[in-house]
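# Overview (structure and organization)
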2 protein chains.
Amino acid sequence: MPREKKIDMVILGLLSHEPLTGYDMKKRIDGAIRFFWNGSFGNIYPSLKELENNGSITRCEVTSDGREKISYKITASGKEELRKWLRDEQASNELKYETLLKLFFGGVEEKNVTYHNIEVFENKIRGDLEMLRTYGKVLEKDLENEDHLHYYLTVSFGIDSYEAYLKWCAKAKKLLNGRAQR
Amino acid sequence: MPREKKIDMVILGLLSHEPLTGYDMKKRIDGAIRFFWNGSFGNIYPSLKELENNGSITRCEVTSDGREKISYKITASGKEELRKWLRDEQASNELKYETLLKLFFGGVEEKNVTYHNIEVFENKIRGDLEMLRTYGKVLEKDLENEDHLHYYLTVSFGIDSYEAYLKWCAKAKKLLNGRAQR
DNA sequence: CTCCTTATATATCAACTTGATATATCGTTT
DNA sequence: AAACGATATATCAAGTTGATATATAAGGAG
């Protein structure tokens, strides 16, 4: 059984564009990637060591003037590892929405509790959607750029699904209000 | 800091409807809940023991004729624990879509690889959407039933977002094909 | 009637992820 | 010079996942 850590692929993917430190990777993940994947120092740093031992990445710059700083770059074998993963059509896609869980079990509480939970969700989505639209507008201008195109497609996925979420929120709130309140 | 295990809430939520064994719970989760939450024997059984020690649930039927079988029911304090969680507006909602990750880093491979990955995703969604629509049609007939209403809302969320996914798939494939193939 | 397969049922574990915390330096502001 | 936030690496407890182990029951095939 080969290595299964998905964070490895995130790291290799990021390094396929430019050399980065672990800290930088975390920032990239917290930027655009966070909408569909996650990462933490707790798995980035251990993974960096393993990938280095594997020969998938190498240190390309180390500054030890006071604060330690280690930049990594991807190797040829690392790039092949990344490509192999991309060509593997298997992919786990899963949602983990506590809001829906609360909705599903909402029957033991009053309707306004569920109603409120939906509103909180709605506001969060509204904010994120605005952000995604801003990203999208910038990227749209240069889709000829390969990287922009791929980036744009993920942003566009977010926009489309968040818009669907908001429509659903309105519908759900209406359905909840249609019944006798409390 | 109180207990944070979300599986506890799934168990309490399920038991708020009817007594169940751990095995039954897993089946329920694999049915409708799997679209927005997950659970495994690996966290169900340990959680059952802890919830029993807490007094949140009690055994209500144990058969030891050969095969052991333990049914649990929720207690008053367990129900209050569930309600408290429902009233807490904090909720973590996160997507973990490997397909989008592969799309994001797809630039290092040929376009048809990304195209194929989207098609695999599309087919999976199409199948799940059909299933959700079947669920939805049954539930729609009796939304006066409180439990059906909550169940229906989660199914409806799935339908709406999956429809948005499919539209996005078509758009994404077109955009990828618009560029020079390979 | 026995063998085989599948479903029922509980239990456990290694591997992975998460979010918090620890430690220390650097840059900017007060 | 003190305070604060950003940079940077590292580690850990707690939770989740998917697989595996163990054993019984039920149903059908030969």
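Structure shown above.
The notes below deal with the structure included here. (Residues numbered from 1 in each chain as written. Chains lettered and ligands numbered in written order. Predicted model: local features only at pLDDT ≥ 70, side-chain atom pairs only at ≥ 80, totals over all residues. Heavy atoms only, no water.)

### Quick word on the protein's contact with DNA strand C
The full set close to DNA strand C counts 26 residues, and Tyr45, Arg67, Lys69, Ile70 and Lys96 of chain B are the nearest of them. Near-protein atoms of DNA strand C (within 4 Å) split between backbone and bases, with sugar and phosphate holding 66%. Secondary-structure elements contributing two or more residues to the surface near DNA strand C are α1 (6-15) and α3 (41-54) of chain A together with α2 (22-31), α3 (41-54), β3 (69-74) and β4 (93-97) of chain B. (Near = heavy atom within 4 Å. Helix = DSSP H or I, 4+ residues; strand = E, 2+ residues; numbered from the N terminus.)

### Thoughts on the protein's contact with DNA strand D
For DNA strand D, the set of nearby residues contains 27 residues, the closest of which are Tyr45, Arg67, Lys69, Ile70 and Lys96 of chain A. Taking all atoms of DNA strand D within 4 Å of the protein, the share assigned to sugar and phosphate is 66%. Between DNA strand D and Ile70 of chain A, the relevant distance is 2.7 Å, taken from a phosphate oxygen to a main-chain nitrogen or oxygen of the residue. Within the backbone of Lys6 of chain B, an N or O atom sits 3.2 Å from a phosphate oxygen of DNA strand D. Secondary structure elements with two or more residues in the surface near DNA strand D: α2 (22-31), α3, β3 (69-74) and β4 (93-97) of chain A together with α1 (6-15) and α3 of chain B. (Polar contact = N/O pair within 3.5 Å; in protein donor to acceptor, adjacent residues only side chain to side chain.)

### Section: the pattern of salt bridges
All told, the structure shown has 30 salt bridges over all chains when counted by the stated rule. Residue Arg83 of chain A is joined to Glu80 of chain A by a salt bridge in which the shortest nitrogen-to-oxygen separation is 3.8 Å. Taken together, the residues span about one helical turn, with Arg83 of chain A and Glu80 of chain A both in helix α4 (residues 76-87) at a distance of 3 residues. Each of Glu80, Arg83 and Arg87 of chain A together with Glu109 of chain B takes part in one network of salt bridges that share partners. (Salt bridge = Lys/Arg side-chain N within 4 Å of Asp/Glu carboxyl O.)

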